Each structure stands twice: as C-alpha cells, then as structure tokens.
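Listed below are the residues making up each chain.
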Amino acid sequence: MKKKIIASLLLSAALLSSSISVFADEKDDRIAELEETIVTLESENEELRATIAELEKKLSEATPKSSNQDEYKIGETWIVEGQWKLTIDSVEETMERNEFEDTAPAAVYIINYTYENLGYESEFTNGLFIDLNLSSDVVDASGAMAYNYASNIVYAQATPIGAKCTAQSAIGVDNPGDFKIYFSDYDGTGTIQKAVFSISLDAE
C-alpha cells in the first residue's frame, strides 16, 4: 500500500514538474514576444519623431516669420507675419525740381520700394496700401526732418492678398547724405507696427 502511495506521489510530482516547465516555457515565450513588441514600437516611435521633426522644419521654412531687426538696410525685407513684406529697393537722387513747390531742398531723393500683402485685410481699404509719404517720418543726415516733395513718381496702390506693389516716394532734405526712414502703421488687427530703414547712399 505504501509503495502505491509513494508511486502516486512521485507521478504527481513528475506531472507537476512537467506542468511548471511548460508554463515557464510559455511565460518565457510571452516575455520574448512582449520585448519584441516594445522594440518594434520604440523603432516606430523614433521614425514618427523623425517624420514630425522633418514636417516641422518644412513648415518653419514655408511660414513667413516676423523680422525683429532694429534697422533694415536697402534690399533687406521687413516681414510682419500674416500682414506684409516691405523692402526699400533703392534710393536715387534726382535733379528735377517742381516749380510749384514752396520749399527749396538741397537734395531730392526718390525712394523705390516694394510691398507684398501676406494677409492684410481692412474694412477701410480694398487691400494693403503702404504710402511712405503718409506712414513715415524721414530724418536727414544732420538729424533734421525731411519733407515730402511733389515729383513725378509711381504711387502706391491698394494691393489684395497674395499680390505685391512697387511704388515710389519723393523726399526733400536740407542736408544731403544718408538718412533714416521711421515707418509706423497699423496692421489688419489694429496693432501698430514699426520699423526703421537706415539708408546709406554709399551702398547704392
């Protein structure tokens, strides 16, 4: 009787050991599968991050950014994001004088500039309208205020979104030489925007 009991116990122990071994193998397989899944997900995550970084880079390159320089030179573009771009293309002195003008400037300069409508909208105009004669103060080489001068120029026009306009402004100065344009105007959101253009005639 004892032998039968012992044999039965040994058989049970063997079966239990076998079951534990099978369970352990299955557990190892599941752990291996989970580890493999984690590695795959981590790899996909890295690829996703790389894709996002690339898309953010392209978006950054494609989106106009506001320029925050203190001063701009001839040929440099001032950008107000979602509103406009403004560039002073060139400045030239003209010897022509208007006989009907009351002033007698020592020099008259024609300012050639270009602006582009990036998204400016207003209930008061049919598009972006930048007239340097209206939106700017000019300080001449000696720090004196320059003044608008009636001349044969190309005038600014209201420009719809996505379009650009090339125009001119004429100023008279009592002190010839380099000067600065202090631009100030409201954007489409009612926010005042300001920029300074430092005009060096030697750069022309």
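Engineer: Describe the overall build of the protein chain, and please don't skip the residues or the numbers.
Structural biologist: A tally of helices and strands in the protein chain yields 2 helices and 8 strands. Residues counted as buried form 29% of the 204 residues belonging to the protein chain. A separation threshold of at least 6 residues defines the contact pool for the protein chain, and within that pool the share at least 24 residues apart is 64%. Taken as a whole, the protein chain presents about 13500 Å² of accessible surface, with 53% of it coming from carbon and sulfur.

Engineer: Before we move on, could you go through the sheet that holds strand β1 (residues 77-80) and cite the residues and values that matter?
Structural biologist: An order of β1-β2-β3-β6-β5 is seen for the 5 strands of this open sheet, with the pairing classed as antiparallel. The open sheet has two edge strands, β1 and β5 (147-148), and neither has a second partner. Note that β5 and strand β6 (residues 164-173) share 2 bridges and pair antiparallel. Bridge pairing in β6 places Tyr 147 opposite Gly 172.

Engineer: Describe the sheet that holds strand β7 (residues 179-186), and please don't skip the residues or the numbers.
Structural biologist: If you walk across this open sheet you meet the 3 strands as β4-β7-β8, and the pairing is antiparallel. Strands with a single pairing partner mark the edges of an open sheet, and in this sheet they are β4 (136-139) and β8 (192-199). The average undirected angle you get between the axes of adjacent strands in this sheet is 15°.

Engineer: Before we move on, can you summarise the pairing of β7 with the specific residues and values?
Structural biologist: Looking at chain direction, β4 and β7 are connected through 4 bridges and run antiparallel. Paired with Ser 136 across the two strands is Phe 183, which belongs to β7. Taken together, the 8 bridges between β7 and β8 define a ladder with antiparallel strand orientation. Bridge assignment links Tyr 186 to a residue of β8, and that residue is Ile 192. Turn length for the β7-β8 hairpin, with the two strands adjacent in sequence and antiparallel, is 5 residues, and the turn residue Gly 190 shows positive phi of about 85°.

Engineer: Explain a negative patch on the surface residue by residue, including any values.
Structural biologist: Taken together, Glu 26, Asp 28, Asp 29, Glu 33 and Glu 36 make up a surface patch of like negative charges. Note on placement: Glu 36 falls in helix α1 (residues 2-62).

Engineer: Residues and numbers for the packing of aromatic side chains, please.
Structural biologist: Describing an aromatic ring pair means giving the distance of the ring centres and the angle of the ring planes. A complete count under the given rule lists 8 aromatic pairs for this structure. Both rings, one in Trp 78 and one in Trp 84, keep their centres 5.8 Å apart while their planes meet at 75°; by these two values the pair is edge-to-face. Residue classification places Trp 84 among the buried residues on the basis of a relative accessible area of 1%. Grouping aromatic residues by their ring pairs yields a cluster made of Tyr 72, Trp 78, Trp 84, Tyr 120, Phe 183 and Phe 197.

Engineer: Describe the pairing of strand β3 (residues 107-117), and please don't skip the residues or the numbers.
Structural biologist: Within β3, 10 of the 11 residues are buried, which leaves the element mostly enclosed by the surrounding structure. Pairing of strand β2 (residues 84-94) with β3, which is carried by 10 bridges, proceeds in the antiparallel orientation. Note on β3: the bridge partner recorded for Ser 90 is Asn 112. The pairing of β3 with β6 spans 10 bridges and is antiparallel. Pairing of Ala 107 across the sheet is with Val 173, part of β6.

Engineer: Lay out the side chain of Asp 140 with the relevant residues and their values.
Structural biologist: Looking at the element boundaries, Asp 140 is found in the loop between β4 and β5. Sequence-distant contacts of Asp 140, that is, excluding residues within four places in its chain, are made with Val 173, Asp 174, Asn 175, Asp 178 and Phe 179.

Engineer: Tell me what's going on with the side chain of Ser 135, and back it up with residues and numbers.
Structural biologist: Tracing the backbone shows Ser 135 in helix α2 (residues 132-135). Here Ser 135 falls in the buried class, since its relative accessible area comes to 10%. Apart from the residues lying within four places of it in its own chain, the contact partners of Ser 135 are Tyr 182, Phe 183, Ser 184 and Asp 185.

What counts, and where the lines are drawn
Residues numbered from 1 in each chain as written. Predicted model: local features only at pLDDT ≥ 70, side-chain atom pairs only at ≥ 80, totals over all residues. Heavy atoms only, no water. Helix = DSSP H or I, 4+ residues; strand = E, 2+ residues; numbered from the N terminus. Buried < 20%, exposed > 50% of the residue type's maximum accessible area, 1.4 Å probe, protein only. Contact = heavy atoms within 4.5 Å. Areas by Shrake-Rupley, 256 points an atom, 1.4 Å probe, with all protein chains shown as cover. Pairing = 2+ DSSP bridges. Axes fitted to C-alpha atoms, helices over the stretch in contact; angles between N-to-C directions. Patch = residues over 30% accessible without salt bridge, like charges linked within 9 Å, V, L, I, M, F, W, Y side chains within 5 Å. Salt bridge = Lys/Arg side-chain N within 4 Å of Asp/Glu carboxyl O. Lys, Arg positive; Asp, Glu negative; His and termini not counted. Charge placed at Lys NZ, Arg CZ, Asp CG, Glu CD. Phe/Tyr/Trp six-rings, centres within 6.5 Å; stacked < 30°, edge-to-face > 60°.

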